[in-house]
Amino acid sequence: GDTVVVGARGVNTQTGAAYVFRTTDGWSTYTEIELTASDGASPDVFGISVAIDGSTVVVGAYCDDDAGTDSGSAYAFRTTDGWDTYAEVAKLTATDGAYEDLFGQSVAIYGSTVVVGASQSRKLALGLCPANDCSGAAYLFRTQDEGATYGQMAKLTATDAAAADGFGWSVAFDS
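Here is a short report on the structure shown in this document.

What counts as what
Residues numbered from 1 in each chain as written. Predicted model: local features only at pLDDT ≥ 70, side-chain atom pairs only at ≥ 80, totals over all residues. Heavy atoms only, no water. Core = buried A, V, L, I, M, F, W, Y, C linked by side-chain atoms within 4.5 Å. Buried < 20%, exposed > 50% of the residue type's maximum accessible area, 1.4 Å probe, protein only. Helix = DSSP H or I, 4+ residues; strand = E, 2+ residues; numbered from the N terminus. Contact = heavy atoms within 4.5 Å. Pairing = 2+ DSSP bridges. Axes fitted to C-alpha atoms, helices over the stretch in contact; angles between N-to-C directions. Phe/Tyr/Trp six-rings, centres within 6.5 Å; stacked < 30°, edge-to-face > 60°.

## A short note on the nonpolar core
(1) Moving on: Leu92, Phe103, Val114, Val116 and Phe141 are the most contacted members of the largest nonpolar core, which totals 17 residues.
(2) Moving on: Elements supplying a minimum of two residues to this core: strand S6 (73-78), strand S7 (87-92), strand S8 (103-110), strand S9 (113-118) and strand S10 (137-142).
(3) Moving on: Not counting residues within four places of it along the chain, the set of residues in contact with Val116 comprises Ala74, Leu92, Phe103, Gly104, Ser106, Val107, Ala137, Ala138, Tyr139 and Phe141.
(4) Moving on: Counting 13 residues, the second largest nonpolar core, distinct from the first, contains Val5, Leu35, Tyr75 and Phe77.

Here you go:
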């Protein structure tokens, strides 16, 4: 591989960043690009998780507060010229996002599909974790327009889910 993505969740008082490194000569020399969230704030912890597939990078920010404190989000960035330029193309959030879900704790991408883990997602609407069934979930998103938009396809949970399971702590794809 000639491209590496590294998360740095503590940058700028935990606003966070992700770095894309590219090489053309076997890593004797390389270029570095810093990615940040367009709406980043402390302590979003942007960069807690990262994934790359081709020209798309996904970065988790599990303490983003759009749907409540620490509900979380993930961001998709895309390039069309080998990372000379790039754009934030989407911000992914759970349709049922809530306080302390930690959505974005883990991310993976394969082709047009992204999976995002939320290890404290709950079945109950309210309550503090882990006492109130914060068993966790993984959310699937897909783009059908080259990454311009992503739609949530599914929320995956374990059939035997129990409080504090941490389901969604890590995620991966089979290619």
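## Here's the deal with the sheet that holds strand S4 (residues 46-53)
Two modes of strand pairing occur in sheets, parallel and antiparallel, and in both the strands are linked by backbone hydrogen bonds.
(1) Moving on: Spatially, S4-S5-S6-S7 is the arrangement adopted by the four strands of the open sheet, whose pairing is antiparallel. In the strand order of this sheet, the two ends are held by S4 and S7, each with one partner. Each neighbouring strand pair of the sheet contributes to a mean axis angle of 25°, computed without reference to strand direction.
(2) Moving on: Looking at chain direction, S4 and strand S5 (residues 56-61) are connected through six bridges and run antiparallel. Residue Ala51 lies in a different strand from S5, and its bridge partner there is Val58.

## Here's the deal with the packing of aromatic side chains
The relation between two aromatic rings is expressed through the spacing of the ring centres and the mutual angle of the planes.
(1) Moving on: Evaluation of the coordinates by the stated rule reveals nine aromatic pairs.
(2) Moving on: Plain terms: the ring middles of Phe21 and Tyr30 are 5.6 Å apart, the flat faces sit at 75° to each other, and that makes the pair edge-to-face.
(3) Moving on: On the numbers, 6.4 Å between centres and 40° between planes, the contact of Tyr110 with Phe173 is tilted. With Tyr110 in strand S8 and Phe173 in the segment after strand S11 (151-156), this residue pair connects regions lying 63 residues apart in the sequence.
(4) Moving on: Feature note: the residues Phe46, Tyr75, Phe77, Trp83 and Tyr86 constitute an aromatic cluster, connected by ring pairs.

Don't take any of this as a statement about function, it's just geometry.
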